[in-house]
Amino acid sequence: MRRFRGVLFLMMGLFFLPACEPETTSSCANDYDQGTLFTRLADDLIIPAYADSKNEVASLNASWTAFSQSGTSSDLLNVQNDFKSAYEAFVKVEYFEFGPAEDVALRTSLNNFPANTLLIEANISSGTYDLEAPDNYYAGFPALDYLLFSGTENEILDRFNNANSGDAFRTYVSGILGIMVTKLDAVNSGWDSYRGNFISNTGTAAGTSLSLIINALNENFEKTKRDRLGIPAGLTALNAPPVPQNVEAFHSGHSLVLMKESFSFAKEFFRNGNGEGLDNFLDDINALGSNGQSLTSVINGGFDDINSSVNLLPEPLSDAVINNEDLVTQAFSDASRQVVHIKTDMPTMLCVAITYIDNPSDSD
Amino acid sequence: MGFKERFITRQTPIAPLVTFRIIFGILMAYGALRFLYSGWVDELYGEPTFFFSFYGFNGVEPLGTTGMTLIYFGIALTAICVALGFLYRPAIISFFLLFTYSELVDATNYLNHYYLVVLISFLMIFMPLGSKFSLDAKLFPKKRRNTVPVWMINILIFQLCVVYFYAGFAKLNSDWLFRAMPMAVWLPERQDFPLLGFFFKQEWTAFIFSWMGAIYDCTIWIFLLWKRTRLVAYLFVLVFHLMTWSLFNIGMFPLIMIGLTPIFFSARFHEHLLGIFGYEEDWNLKERAGKSWFTFPFLIAFTAIQVLLPLRYLYYGGNVLWHEQGYRFSWRVMLLEKSGTATFRVKDPETGDEAPIRNSNHLTAFQEKQMAIQPDFILQYAHHLHDYYEEVHGIVDPEIRADVFVALNRRPSRRFIDPNVDLSQINDSFAPKEWVLPFKEMKNGN
């Protein structure tokens, strides 16, 4: 009996050992209130960002309508300015490609770049095209960037005012804007009904809101790193020179602003501004980074490094990728380092899997 | 009766093996059809352009989607023949070859229970299981038999004991016992589970699952061997495997263990069981004493390999959960929550230019996920990249390095591979991989 009691105490001791360990990160079965996090993200970040994007595109559409009737250079300037602010608003919502946005393939419908300008010209001269074809490179913001900005002011005005061909160009732009308006409307109204589902879909399994936002954040962050910076800078191919015309918004020269916006909004997404965000979740469970400090501080530091190195880049980005190789390389490697923190450490600590790498068969 | 006669040569009723043959055949046919139905042939053999191999088997090439579909239909067909006992020997030999081939094509898809199927079908080649309660017995009455040498049953029992024992032994590591890893990550994922979901959100539930699992695997085979506890033990087998089946994505494994474990039961039990379906003894048959000089050394070699192979991790030192040298073929199941980020860099030694590689250009997402945590895959991939840049981009002897970070059982990530080593210059071998960086947080991975 005594021996048995000894064994029992030993077993109990082993059982409660984890409580005595210095390790402080809470278990995956923590009582953090995910519902509050999702409510704050939906109401303070995601839904306002979509509303903003929708309004910006609506005013772009309005100024386009005015210009297509007047054809004046001052109205063109309005269109161009509205285009830039609509684009800036859109790179933010690209981080939320799940739920309603995924349903309409928002990102690949509105912002596949670089635009295939030869195909755009061919489309317009033939008059037969499908602007909603999946994964096309002749619609959305990149096509507008080309049509509204390439050439001198007179060339642009003539493109749309020309008695013979102007009509075809105007129809093309109106078609693109129509799709943009429709899709953003759909996503905005989609969130009205999706919001409740998003907030209540707690937990850590694949398909929960936590796994959706973490996957969406990572996917778009890597896209920004690769498409907005790495590819035009020639950093992703061996012995390859920079390809400046592959920057986003090459013709308007707005590339650097958009890239900065995208990188800095990653941090905004992570922190939800000053509100309840993923940073609070990580702090709440005492998540540690690989240097032993809090993972929040590691991730914030990583974002700050990226933001300060992209802030050193001179305008326009298409020149910087050629003339400022060191600065561009620095920004790219800062972004690469951050991937480990947000794609491996953060999901590990929050107990969710990166599900855009899904397991097709069984596991054991 | 000496050891050899008692455990090897003694004749015993064939009934337990008849049940075994039928259940094995049905399960394997179901598994192959499920594989086809799920579209995995295309996902796992059609989509990849590069395939990882097991050491020494890098010549095994896939046949493309159509070819592999035929292979899987072949597996299903031969499995049905095995179940029916129709042309049993050709069927089981073909099954073994087809199944083993399909597993050798891409090591990414390695699962312990696939390895178990390879071993069992290999053993079944040497057993005359078509000679009773089968189409063969109807078609070729001369081949009928009531009995087999007892080793045929014992070797299968031994094999299942090895699976349980080493699965339990592997769980005796500090992460499993004292951090309840990875149960503490996986169970909370199932908090929407009917009735029990609430418990899966509790930390202590993971500890109970971990300890129960370890105790179960370490001891269940003993209670299965012991006649007095056998029936109760089998109920535990049922409950345990049905639970893991409903909670985790582990496919065929629970069904296989539930279906094959009845081999522990007596011949009488199986005769009664099969009797329901019309099985009866052929009293006019003589016992055959099919002795072979080959049997004894074969059994010694097979059992020695099975006992020693899972222990080879000791030779590598360090933490087997981290470096995974000696991890496969050792019944290490459900031990890891591991994820990694692997960025490879290719360098042209002539120009000095270096560029990161986009893994999705070479690997499927699933392959990338598996590659990033397994050193031998990292090395194979590095060699593939070396050859690719040499052949496609015409670069003379490109250098390949990798920045790999791995998070093991919910710890912050650590650098996995020495970033300064040109992996294209390293050839895989059984020698310890010095370029895998040590893992200091958890020394003994067991």
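Residues numbered from 1 in each chain as written. Chains lettered and ligands numbered in written order. Predicted model: local features only at pLDDT ≥ 70, side-chain atom pairs only at ≥ 80, totals over all residues. Heavy atoms only, no water.

**Student:** Looking at this structure, how should I read a negative patch on the surface?
**Tutor:** Together, Asp387, Glu390, Glu391 and Asp397 of chain B make up a negatively charged patch on the protein surface. Its place among the elements puts Glu391 of chain B in helix α20 (residues 375-391). (Patch = residues over 30% accessible without salt bridge, like charges linked within 9 Å, V, L, I, M, F, W, Y side chains within 5 Å. Areas by Shrake-Rupley, 256 points an atom, 1.4 Å probe, with all protein chains shown as cover. Salt bridge = Lys/Arg side-chain N within 4 Å of Asp/Glu carboxyl O. Lys, Arg positive; Asp, Glu negative; His and termini not counted. Charge placed at Lys NZ, Arg CZ, Asp CG, Glu CD. Helix = DSSP H or I, 4+ residues; strand = E, 2+ residues; numbered from the N terminus.)

**Student:** Would you mind going over helix α13 (residues 295-311) of chain A with me for this structure?
**Tutor:** Counting along an α-helix, one turn takes 3.6 residues, and residues three or four places apart therefore face a common direction. Residues and elements named next belong to chain A. Look at α13: 24 Å from first C-alpha to last across 17 residues, which is about the 24 Å you get at 1.5 Å a residue. Of the positions making up α13, those classed as buried are Leu295, Thr296, Val298, Ile299, Asn300, Gly302, Phe303, Ile306, Asn307, Ser309 and Val310. Residues of α13 that are buried in the fold lie against α10 (209-230), α11 (255-271), α12 (278-284) and α15 (325-350). (Expected span 1.5 Å × (residues − 1). Buried < 20%, exposed > 50% of the residue type's maximum accessible area, 1.4 Å probe, protein only. Contact = heavy atoms within 4.5 Å.)

**Student:** When you look at the domain arrangement of chain A in this model, what are you seeing that I'm missing?
**Tutor:** As a measure of interface size, the accessible area lost when the parts come together is often cited. Residue and element names in this part refer to chain A. Each domain of chain A was delimited in the assignment, giving domain 1 (30-198) and domain 2 (203-359). Once you take the C-alpha centre of each, domain 1 and domain 2 turn out to be 23 Å apart. The interface is formed by 32 residues belonging to domain 1 together with 41 residues belonging to domain 2. Roughly 3,300 Å² of surface becomes buried between domain 1 and domain 2 when both sides are summed, with 67% attributable to carbon and sulfur atoms. Its largest share of buried area at the contact with domain 2, domain 1 owes to Tyr32, Tyr95 and Phe113, together 25% of the area lost on that side. Between Arg107 and Glu219 there is a salt bridge, with its nearest N and O atoms 3.9 Å apart. (Domains from an automatic or database assignment. Buried area = accessible area lost by both parts, 1.4 Å probe.)

**Student:** What is the right way to look at the interface of chain A and chain B in this model?
**Tutor:** With 43 residues of chain A at the interface, the matching set in chain B holds 50 residues. Note on chain A versus chain B: buried area summed over both sides is about 4,000 Å², and carbon and sulfur give 58% of it. Connecting chain A to chain B are zero salt bridges. For the side of chain A that touches chain B, the elements supplying multiple residues, two or more each, are α1 (2-20) and α15 of chain A. Top element by residues in the side of chain A that touches chain B is α15 of chain A. It accounts for seven residues.

**Student:** Help me understand the domain arrangement of chain B, please; the structure alone is not making it clear to me.
**Tutor:** Residues and elements named next belong to chain B. In terms of domains, chain B is made up of domain 1 (1-149 + 264-275), domain 2 (150-250 + 292-318) and domain 3 (337-425). Taken over C-alpha atoms, the centre of domain 1 sits 37 Å from the centre of domain 3. Taken residue by residue, the interface counts twelve residues in domain 1 and eleven residues in domain 3. On the domain 1 side of the interface with domain 3, the three residues burying the most area are Phe50, Phe52 and Thr108, jointly 64% of the side's total. Where domain 1 meets domain 3, there are four residue pairs in polar contact (both at pLDDT 80 or more). Looking at the side of domain 1 that touches domain 3 residue by residue, the classes come out as six nonpolar, four polar and two charged. (Polar contact = N/O pair within 3.5 Å; in protein donor to acceptor, adjacent residues only side chain to side chain. Nonpolar A, V, L, I, M, F, W, Y, C, P; charged D, E, K, R; others polar.)

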